[in-house]
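# Inside the fold
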Number of protein chains: 2
Amino acid sequence: MLRDQKKEVQALQDTIYVLGGKWRLPIINSICNGNHRFREIERSIPGITTRMLSRELKLMEINDILRRTLDPDAPGQVRYESTEYCFSFGPVIAEMIRWGTAHRKRVISQRKKEGI
Amino acid sequence: MLRDQKKEVQALQDTIYVLGGKWRLPIINSICNGNHRFREIERSIPGITTRMLSRELKLMEINDILRRTLDPDAPGQVRYESTEYCFSFGPVIAEMIRWGTAHRKRVISQRKKEGI
DNA sequence: CGGTATCCTGCTGGATACTG
DNA sequence: CAGTATCCAGCAGGATACCG
C-alpha cells in the first residue's frame with residue numbers, strides 16, 4: 001500500500017516535470033487543434049512570446065513530443081506536428097480543460113454571490 | 001470553433017495556474033491518500049522541505065482546497081483535510097498518475113533497447 | 001514567415017537554523 | 001509535533017530588438 005503511494009507520487013512528479021511550465025500544455029493543445037505554423041501557434045496562445053514558443057518547441061521536439069518538418073507543398077515553410085506520443089497527453093489535457101472550465105464558472109458565480 | 005479553442009486554452013492556463021508548481025498536486029494526493037498530519041505529509045513526499053510544505057498548505061487553505069483543524073482527540077495536534085472542492089481534482093490527478101506511470105515504463109524500456 | 005540574441009527581473013524553491 | 005525565519009541561487013519567463 002505504502003509502496004503504491006510512493007509510486008503514485010513519483011508518477012505525478014514525473015508528469016509535472018515533463019509538462020512543467022506555463023506553456024507546454026497550451027502548445028500541445030494548440031497543435032492538436034490544427035495549428036501547425038509558428039505564427040499560427042503563437043497567435044492561438046494569448047500571452048506567449050516568440051522566445052518562449054521557440055524554446056519550448058525545440059525542447060519538445062527533442063523529447064519526441066512533436067515533430068518539425070518542412071512543408072513539401074510550400075517551399076521554406078515549416079510545419080509542427082504532434083507525434084503519436086503526444087496524443088497520450090490527450091486525457092490529461094481533457095481533464096485539465098474540464099477542471100479549468102468548471103473552476104471559472106465557480107469563481108464567477110461566487111463573485112455574483114458576493115455582489116461583485 | 002475558434003472561440004472554443006480560446007476558451008480551452010484559457011481553461012488549461014487556469015488549471016495550470018491553480019495547480020502550479022512542483023508541490024501542490026503531490027500534497028493534494030498525499031492528503032487524499034490518508035495523510036493528515038504535517039510530518040506525515042512531509043514524509044510522504046520525497047524531496048519536499050518543511051518550508052515549501054508550510055507555504056503551500058497555507059495557500060491551499062486560503063483557496064479552499066483544504067482545511068486545517070485542531071484534532072479534538074489529540075490536544076495540540078493539527079489535522080489537514082481535503083475539502084469537497086479538492087476532490088474535483090481527482091480525475092486530473094488520476095490521469096496524470098496514469099501518464100507518469102506509462103512514461104516511466106517507456107523510458108525504461110527505451111533504455112533497454114539502447115543497451116543502457 | 002520563422003525564428004535568434006540580449007538583457008533583465010522576480011519568483012520558486014533549496015539549505016539551514018531556530019521556536020513553542 | 002508543527003511549524004517560522006533567513007538567506008540565497010537559479011532559472012523561468014518577460015521585453016525588446018534584430019535577422020535571413
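Below: a short report on this structure. Numbers given for residues are sequential positions, taken from 1 along each chain in its written order. Going through the entries in the order they are written, you letter the chains from A and number the ligands from 1. Only residues with pLDDT of 70 or above have their local features reported here, since the model is predicted, and side-chain atom pairs are shown and tallied only from 80 upward, although totals for entire chains, interfaces and linings are computed over all residues. Side-chain metrics rest on all non-hydrogen atoms present in the structure, leaving aside hydrogens and water.

### Some points on the overall build of chain A
Secondary structure elements are taken from DSSP: a helix is a run of H or I of four residues or more, a strand is a run of E of two residues or more, and numbering for both begins at the N terminus. Helix and strand content of chain A: 6 helices and 2 strands. Relative to the globule expectation of 13 Å for 116 residues, the C-alpha radius of gyration of chain A, 18 Å, shows a markedly less compact shape. Each principal axis of the C-alpha distribution contributes one length, and for chain A these read about 55 × 45 × 20 Å. Exposure is judged per residue with a 1.4 Å probe applied to protein chains only, and the accessible area is read against the type maximum: over 50% gives exposed, under 20% gives buried, and values in between give partly exposed. Counting the 116 residues in chain A, one finds 43% classified as buried. A 1.4 Å probe and the Shrake-Rupley method give the accessible areas. Residues count as covered only by the protein chains that appear here. On chain A, roughly 7100 Å² of surface is accessible, and the fraction owed to carbon and sulfur atoms is 53%. For chain A, the separation between the mean place of its 21 positive charges and that of its 14 negative charges on side chains is 8 Å. Between the two quantities, the radius of gyration covers C-alpha atoms and the globule rule is 2.2 Å times the number of residues to the power 0.38. Charged residues are defined here as Lys and Arg on the positive side and Asp and Glu on the negative side; His and the ends of the chain fall outside this count. By convention, charge coordinates are those of NZ in Lys, CZ in Arg, CG in Asp, or CD in Glu.

### Regarding the protein's contact with DNA strand C
Close to DNA strand C lie 18 residues; A:R39, A:S54, A:R68, A:Y80 and B:K22 are nearest. A cutoff of 4 Å decides nearness: a residue is near a molecule or strand if any of its heavy atoms lies inside that distance of it. Expressed as a percentage, the sugar and phosphate content of the atoms of DNA strand C within 4 Å of the protein is 55%. Two N or O atoms form a polar contact when they lie within 3.5 Å of each other; inside protein one atom must be a possible hydrogen donor and the other a possible acceptor, and for residues adjacent in sequence the pair counts only when both atoms belong to side chains. Within the side chain of A:S54, a nitrogen or oxygen atom sits 2.5 Å from a phosphate oxygen of DNA strand C. Interatomic distance of 3.3 Å between a backbone N/O atom of A:V78 and a phosphate oxygen of DNA strand C.

### Some details on the interface of chain A and chain B
Between two residues, a contact is recorded if the distance between any of their heavy atoms is within 4.5 Å. Contacts between the two partners involve 38 residues from chain A and, on the opposite side, 38 residues from chain B. Within this document, salt bridges are pairs made up of a side-chain nitrogen of Lys or Arg and a carboxyl oxygen of Asp or Glu, the two lying within 4 Å of each other. For the pair chain A and chain B, the interface holds 4 salt bridges. The shortest N-O distance in the salt bridge between B:D14 and A:R104 comes to 2.7 Å. It is helix 6 (residues 90–113) of chain A that contributes the most residues to the side of chain A that touches chain B, 12 residues altogether. As a working rule, the residues Ala, Val, Leu, Ile, Met, Phe, Trp, Tyr, Cys and Pro are called nonpolar, Asp, Glu, Lys and Arg charged, and the rest polar, with Gly in that last group. Along the lines of polarity and charge, the residues of the side of chain A that touches chain B split into 18 nonpolar, 13 polar and 7 charged.

### Considerations on the protein's contact with DNA strand D
Close contacts around DNA strand D come from 18 residues, with A:K22, B:R39, B:S54, B:R68 and B:Y80 the closest. Taking the atoms of DNA strand D that fall within 4 Å of the protein, sugar and phosphate contribute 52% of them. Between a base oxygen of DNA strand D and a side-chain N or O atom of A:R51, the distance comes to 3.1 Å. Measuring from a phosphate oxygen of DNA strand D, one finds a backbone N or O atom of B:F38 at 3.3 Å.

### A few points about the nonpolar core
The term nonpolar core refers to a set of buried residues drawn from Ala, Val, Leu, Ile, Met, Phe, Trp, Tyr and Cys, joined through side-chain atoms within 4.5 Å. Core analysis: the biggest nonpolar cluster contains 56 residues, and A:I27, A:I28, A:F89, B:I27, B:I28 and B:F89 have the highest contact counts within it. The contacts of A:I27, once residues within four sequence positions are left out, are A:I45, A:I48, A:L53, A:E56, A:L57 and A:M60.

### As for the state of the cysteines
Two cysteine sulfurs form what is called a disulfide whenever their separation falls within 2.5 Å. On inspection of all chains with the given rule, the structure shows 0 disulfides over all chains. A disulfide-free cysteine, A:C32 has its sulfur positioned 4.1 Å from the sulfur of A:C86, the nearest such atom.

### Structural notes on the packing of helix 2 (residues 24–32) of chain B against helix 6 (residues 90–113) of chain B
Residue and element names in this part refer to chain B. Between N-to-C directions, angles cover 0 to 180 degrees, with each direction set by a line fitted to C-alpha atoms, over the stretch in contact for helices. Running from amino to carboxyl end, helix 2 crosses helix 6 at an angle of 105°, the nearest separation of the two axes being 11 Å. The orientation of helix 2 with respect to helix 6, classified from their angle, is roughly perpendicular. Listed contacts from helix 6 to L25, I28 and N29 of helix 2 are I93, M96 and I97. Any angle between 65 and 115 degrees counts as roughly perpendicular, while under 35 counts as roughly parallel, over 145 as roughly antiparallel, and the rest as oblique.

### Some details on unusual backbone geometry
Residues and elements named next belong to chain A. Located in the positive-phi region is D64, a residue other than glycine, with phi close to 65°. Tracing the backbone through its elements, the reader meets D64 in the loop between helix 4 (50–62) and strand 1 (66–70). Assessed through its relative accessible area of 35%, D64 is described here as partly exposed.

### What to know about helix 2 of chain B
Residues and elements named next belong to chain B. In terms of residue burial, helix 2 counts as a mostly covered element, since 8 of its 9 residues are buried. All of the buried residues in helix 2 are R24, L25, P26, I27, I28, N29, S30 and I31. The positive-phi residue at the C-terminal boundary of helix 2 is G34, with phi of around 105°.

### Brief notes about the packing of aromatic side chains
Aromatic contacts are taken between Phe, Tyr and Trp rings whose centres are within 6.5 Å, Trp giving its six-membered ring; a plane angle under 30 degrees counts as stacked, one over 60 as edge-to-face, and the others as tilted. Here the structure, examined in full by the defined rule, presents 6 aromatic pairs over all chains. Between A:Y85 and A:F89 the ring centres are 6.3 Å apart and the planes differ by 50°, which places this aromatic pair in the tilted class. Overall, the relative accessible area of 12% leaves A:Y85 in the buried class. Through a chain of ring-to-ring contacts, three or more aromatic side chains come together here, namely A:Y85, A:F89 and B:W99. A ring is considered to have a charge above it if a Lys NZ or an Arg CZ atom is located within 6 Å of its centre and within 35 degrees of its normal. A cation over a ring is seen here: A:R106 above B:Y85, with NZ or CZ 3.4 Å from the ring centre.

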